[in-house]
Amino acid sequence: MSGSGVAVVGLVILLGLVGIVLPGVPGVVLVVGAIAVWAYQVGSWLSWVTFAIAAGVIVVSQIGKYVVPGRRLAADKVPRATLLAGAVTGIIGFFVLPVVGLPVGFVLGVYVSERLRLGPHALAWPSTRSALRAVGLALVIELVGALVAAGGWLAVAVLGA
């Protein structure tokens, strides 16, 4: 692959990384897709191994971004019904506010659900704070996975696969 081709792949990966932090762009899809295109174009065994490792890291981070925050929320004793309310309002929020609706809807759903269940703000806020931390942790896990995949690609691309 030419130097300009590698630069384009790098720019798409960078756009994917930005898309993870600023919703609205399918971040990890762009990262793993760009690495797949690069591997196909280069066609060496090292490029395909790099893609396989990057894809594996992305898959693990995608699983982890749900499992780890979910366990934290369970440890903080946030009820499953509250999490379900947050998930439903997050999905609705995704369509109502295209860029930030999912996390905003999730947190709002958790807060409203806890207010209905517990009453005053002082009792509902700890669960909401846990939900905010869970959203942040999920973002960090996804970003770290994509950065590891991108870093592996960069190391191999610079070494000249």
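Now for a look at the structure at hand. Residue positions are counted from 1 within each chain, in the order its sequence is given. This being a predicted model, a pLDDT of at least 70 is required before a residue's local features are given, and a value of 80 or more before pairs of side-chain atoms are given or counted; all residues contribute to the totals for chains, interfaces and linings. For side-chain calculations, the full set of non-hydrogen atoms in the structure is used, while hydrogens and water are omitted.

Any residue with an atom within 4 Å of a point lines the site, the site being either a cavity, points on a 1 Å grid over the protein atoms alone where a 1.4 Å probe fits but cannot get out, or a pocket, an open set with protein on both sides within 12 Å along at least 5 of 7 lines. Grid points are joined across faces, edges and corners, and a volume is the space filled by probe spheres set on the points. By volume, the largest pocket amounts to about 980 Å³. Lining of the largest pocket is provided by 36 residues; of these, Lys65, Tyr66, Leu102, Ala138 and Glu142 occupy positions nearest its centre. Going along the chain from the N terminus, every DSSP run of H or I of four or more residues is numbered as a helix, and every run of E of two or more is numbered as a strand. Sorting the residues of the lining of the largest pocket by element identifies helix H1 (3–21), helix H2 (27–42), helix H3 (45–75), helix H4 (80–96), helix H5 (101–118) and helix H6 (121–159) as the ones contributing at least two each. When residue character is reported, Ala, Val, Leu, Ile, Met, Phe, Trp, Tyr, Cys and Pro are called nonpolar, Asp, Glu, Lys and Arg charged, and the others, Gly included, polar. A class-by-class count of the residues in the lining of the largest pocket yields 25 nonpolar, 7 polar and 4 charged.

Here we come to the pattern of salt bridges. The term salt bridge refers to a pairing of a side-chain nitrogen on Lys or Arg with a carboxyl oxygen on Asp or Glu at a separation within 4 Å. For the structure shown, the criterion picks out 3 salt bridges. The shortest N-O distance in the salt bridge between Asp76 and Arg133 comes to 3.4 Å. Linking Asp76 in the loop between H3 and H4 with Arg133 in helix H6, this pair joins segments that are 57 residues apart in sequence. Burial classification: accessible surface area is computed with a 1.4 Å probe over protein chains only, and a residue below 20% of its type maximum counts as buried, one above 50% as exposed, and the rest as partly exposed. Looking at Asp76, the relative accessible area reads 35%, which means it is partly exposed. On the basis of relative accessibility, which here comes to 43%, the residue Arg133 falls in the partly exposed class. Of the charged contacts, one joins Arg117 and Glu114 as a salt bridge, the two residues approaching to 2.9 Å between their closest N and O atoms. Taken together, the positions of Arg117 and Glu114, both in helix H5 and 3 residues apart, correspond to about one turn of that helix. Judged by relative accessible area, Arg117 falls into the partly exposed class, the value being 45%.

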